[in-house]
Amino acid sequence: EEAPLAMIIADQIMPEMAGDQLLIKVRKLYPQAVKILLTGYAALDSAVNAINKANLFRYLTKPWEEAELLQNIEEGIQQYYQLEDQEHQRMLQYLQVSRLFGQLPDSMLRQLVRFSKIVTYKIGTEILTEGQENNKIFLLIEGAVVIYSKEAPVLSLNRTGDIFGEMSIISH
């Protein structure tokens, strides 16, 4: 789950799982990955399912032209890197205004961005567990985080740029 995945190409008919179902699962793990679904028959329901639930990039029917498939792969990879660049720029902007990282030179922040990713958590998700080792720090972009100790709230963070992790809580 930690390694990046730029693209996945799935056939609709596979032995253990339909291609649209696989791509829906992949989207949950790798939301930025570009997804292409191949099919030998015109199944509108699987195409609609993949488009709506897997954020499908392309739906290609068999037999395909090799040049067309390669063109779609190239366009998909370009889209992946454009989205990745946009996410890196967004993360760089957040780091530049944060209290902890804002004083660092942009060249150092750009290196830090390579190891960063933007993740959205649903309300009520436990991000860190007291007593468990953690090697991450978190930068609050929007929303709020409540820090609990022994099931009692001890601190609420709700300002963009607030940073928290295992070792410390840093706020504006």
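Residues numbered from 1 in each chain as written. Predicted model: local features only at pLDDT ≥ 70, side-chain atom pairs only at ≥ 80, totals over all residues. Heavy atoms only, no water.

1. Some remarks on the pairing of strand E1 (residues 7-11)
The cut-off we apply is this: Whether two strands pair comes down to DSSP finding at least two bridges between them. Segments assigned H or I by DSSP are reported as helices when at least four residues long, segments assigned E as strands when at least two residues long, and all are numbered from the N terminus.
In the sheet, E1 pairs with strand E2 (residues 34-39) via five bridges, with the strands oriented parallel. Across the sheet, residue Asp11 finds its bridge partner in E2, namely Leu38.

2. A few points about the nonpolar core
Keep this limit in mind: The set of buried Ala, Val, Leu, Ile, Met, Phe, Trp, Tyr and Cys residues whose side-chain atoms join them within 4.5 Å is what this entry labels a nonpolar core. With a 1.4 Å probe rolled over the protein chains alone, any residue whose accessible area is under 20% of its type maximum counts as buried; one over 50% counts as exposed, and the rest are partly exposed. The criterion used for residue contact is that any of the two residues' heavy atoms lie within 4.5 Å.
Grouped together as the largest cluster of nonpolar side chains are 10 residues: Met91, Leu92, Leu95, Phe101, Leu109, Val113, Ile118, Leu139, Ile141 and Ile163. Among the elements that make up this core, the one with the highest residue count is helix H3 (residues 66-97) (three residues). Ignoring any residue separated from it by four or fewer positions in sequence, one finds Leu92 in contact with Leu109, Arg110 and Val113.

3. With respect to unusual backbone geometry
Here the bond from Lys62 into Pro63 is cis, since omega is -10 degrees, no more than 30 degrees from zero. Note on placement: Pro63 falls in the loop between strand E3 (58-61) and H3.

4. A few points about the pattern of salt bridges
Counted only if it meets this: By definition, a salt bridge exists where a carboxyl oxygen of Asp or Glu is found within 4 Å of a side-chain nitrogen of Lys or Arg.
Applying the stated rule across the entire model yields two salt bridges. Residue Lys62 is joined to Asp11 by a salt bridge in which the shortest nitrogen-to-oxygen separation is 2.4 Å. With Lys62 in the loop between E3 and H3 and Asp11 in strand E1, the pair connects residues that are 51 residues apart, well separated along the chain. The class of Asp11 is partly exposed, set by a relative accessible area of 22%. Residue Glu75 pairs with Arg58 through a salt bridge whose shortest N-O separation is 2.6 Å. Here Arg58 lies in strand E3 and Glu75 lies in helix H3, a separation of 17 residues in the sequence.

5. Regarding the side chain of Thr39
Examined against the element boundaries, Thr39 turns out to sit in strand E2. Using a relative accessible area of 0% as the deciding quantity, one classes Thr39 as buried. Residues within four places of Thr39 in sequence aside, it is in contact with Asp11, Gln12, Tyr59, Leu60, Thr61 and Lys62.

6. What about the confidence of the model for the protein chain?
Let me state the cut-off plainly: Confidence per residue, as judged by the predictor, is encoded in pLDDT with a range of 0 to 100.
Scored by pLDDT, the protein chain has a mean of 81; 92% of the residues are at 70 or more. The least confident element of the protein chain, judged by mean pLDDT, is strand E8 (residues 169-170) at 46; the most confident is E1 at 93. Counting contacts from residues 168-172, a segment whose pLDDT is below 50, to residues more than four positions away or on other chains yields 20 contacts.

7. Concerning the packing of H3 against helix H4 (residues 106-113)
For clarity, the threshold we go by: All axes are obtained by fitting lines to C-alpha atoms, using only the stretch in contact for helices, and the reported angles, taken between N-to-C directions, cover 0 to 180 degrees. Each angle gets one of four labels, with under 35 degrees taken as roughly parallel, over 145 as roughly antiparallel, 65 to 115 as roughly perpendicular, and the rest as oblique. Whether a crossing is left-handed or right-handed is set by the direction in which the near helix is turned from the far one by less than a right angle, anticlockwise for left-handed and clockwise for right-handed. Throughout this entry, Asp, Glu, Lys and Arg are counted as charged residues, while Ala, Val, Leu, Ile, Met, Phe, Trp, Tyr, Cys and Pro are counted as nonpolar. The remaining residues, Gly among them, count as polar.
Running from N to C, H3 and H4 point in directions that differ by 125 degrees, and their axes come no closer than 10 Å. Classified by the angle between their axes, H3 and H4 sit oblique to one another. Here H3 and H4 pass one another in a crossing that is right-handed. In this structure, H3 contributes His88, Met91, Leu92, Leu95 and Gln96 to the contact, and H4 contributes Asp106, Leu109, Arg110, Leu112 and Val113. Its residues assigned to classes, the contact of H3 with H4 shows six nonpolar, two polar and two charged.

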